Amino acid sequence: MDPTLERILELIEDNAYEFTEHALDRMAEDDLDEEEVLSAIEQGFISKRQRDRRGEAPWVYTILGDSETNRAVYVAGKIVGETFRIFRILTAKEDTG
């Protein structure tokens, strides 16, 4: 397993994580709850890593995983100190054409 994802999962297991207001708003829009998002992280993989433009952490990680309801969920977060801060959540939407 990726060591960074391992660290993120340890922080989640220790309840050392937080959702920003933006993430909570997106969860409400997409009808997701906290358990679905955490499940997506636990079942997922780091699909992207980029420098944190805000300088709060060295890296921002995008994790792609399936929620408990089998929806693909992208979760963007960063390790700030001893906390995993989740600040963006996107779900893959079906093409209704």
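Treat the numbers as computed from the prediction; the structure is a model and nothing was measured.

Right, let's talk about a negative patch on the surface for a bit. On the surface, a cluster of negative charge is contributed by Glu13, Asp14, Asp31, Asp33, Glu34, Glu35, Glu42 and Glu68. Of the residues forming the negative patch, the biggest block, 3 residues, is contributed by helix 3 (residues 34-43). By the secondary structure assignment, Glu13 is in helix 1 (residues 3-13).

Moving on, we come to the pattern of salt bridges. In a structure, side chains of opposite charge can pair up when their charged atoms sit close to one another. All told, the structure shown has 9 salt bridges when counted by the stated rule. Across the salt bridge formed by Glu10 and Arg7, the nearest N and O atoms sit 3.4 Å from each other. Of this pair, Glu10 and Arg7 are both found in helix 1, 3 residues apart, which corresponds to roughly one turn of the helix. Between Arg85 and Glu56 there is a salt bridge; the shortest N-O distance is 3.3 Å.

Turning to the nonpolar core, a few remarks are in order. Within the largest apolar cluster, 22 residues are counted, with the highest numbers of intra-cluster contacts made by Ile8, Phe19, Val37, Ile41, Phe84, Ile86 and Ile89. Secondary structure elements with two or more residues in this core: helix 1, strand 1 (17-19), helix 2 (21-29), helix 3, strand 3 (59-66), strand 4 (72-80) and strand 5 (83-91). For this core, the element with the highest residue contribution is helix 1, accounting for 5 residues.

Further remarks concern the environment of Ser47. Tracing the backbone through its elements, the reader meets Ser47 in strand 2 (residues 45-51). The exposure class assigned to Ser47 is partly exposed, which follows from its relative accessible area of 38%. Remark: the alpha-carbon pair of Ser47 and Phe19, spanning 28 residues in sequence, is separated by 20 Å. Sequence-distant contacts of Ser47, defined by excluding residues within four places in its chain, comprise Thr62, Ile63 and Leu64.

A few words now on unusual backbone geometry. Phi at Asn15 is positive, roughly 60 degrees, even though this residue is not glycine. Topologically, Asn15 is positioned in the loop between helix 1 and strand 1. The exposure class of Asn15 is exposed, given its relative accessible area of 59%. One non-glycine residue, Asn70, lies in positive phi territory at about 65 degrees. Assignment of secondary structure puts Asn70 in the loop between strand 3 and strand 4. Here Asn70 falls in the exposed class, since its relative accessible area comes to 67%.

Attention now moves to the packing of helix 1 against helix 3. How two helices pack is summed up by the angle between their axes together with the distance between the axes. Where helix 1 contacts helix 3, the axes come no closer than 10 Å and their chain directions differ by 150 degrees. The orientation of helix 1 with respect to helix 3, classified from their angle, is roughly antiparallel. Crossing handedness for the pair helix 1 and helix 3: left-handed. Judged by residue contacts, Leu5, Ile8, Leu9 and Ile12 of helix 1 engage Leu38, Ile41 and Glu42 from helix 3. Of the residues belonging to the contact of helix 1 with helix 3, the class tally is 6 nonpolar, no polar and 1 charged.

Scoring rules and cut-offs
- Residues numbered from 1 in each chain as written.
- Predicted model: local features only at pLDDT ≥ 70, side-chain atom pairs only at ≥ 80, totals over all residues.
- Heavy atoms only, no water.
- Patch = residues over 30% accessible without salt bridge, like charges linked within 9 Å, V, L, I, M, F, W, Y side chains within 5 Å.
- Areas by Shrake-Rupley, 256 points an atom, 1.4 Å probe, with all protein chains shown as cover.
- Salt bridge = Lys/Arg side-chain N within 4 Å of Asp/Glu carboxyl O.
- Lys, Arg positive; Asp, Glu negative; His and termini not counted.
- Charge placed at Lys NZ, Arg CZ, Asp CG, Glu CD.
- Helix = DSSP H or I, 4+ residues; strand = E, 2+ residues; numbered from the N terminus.
- Core = buried A, V, L, I, M, F, W, Y, C linked by side-chain atoms within 4.5 Å.
- Buried < 20%, exposed > 50% of the residue type's maximum accessible area, 1.4 Å probe, protein only.
- Contact = heavy atoms within 4.5 Å.
- Axes fitted to C-alpha atoms, helices over the stretch in contact; angles between N-to-C directions.
- Parallel < 35°, antiparallel > 145°, perpendicular 65-115°, else oblique.
- Left-handed = near helix turned anticlockwise from the far one by under 90°.
- Nonpolar A, V, L, I, M, F, W, Y, C, P; charged D, E, K, R; others polar.

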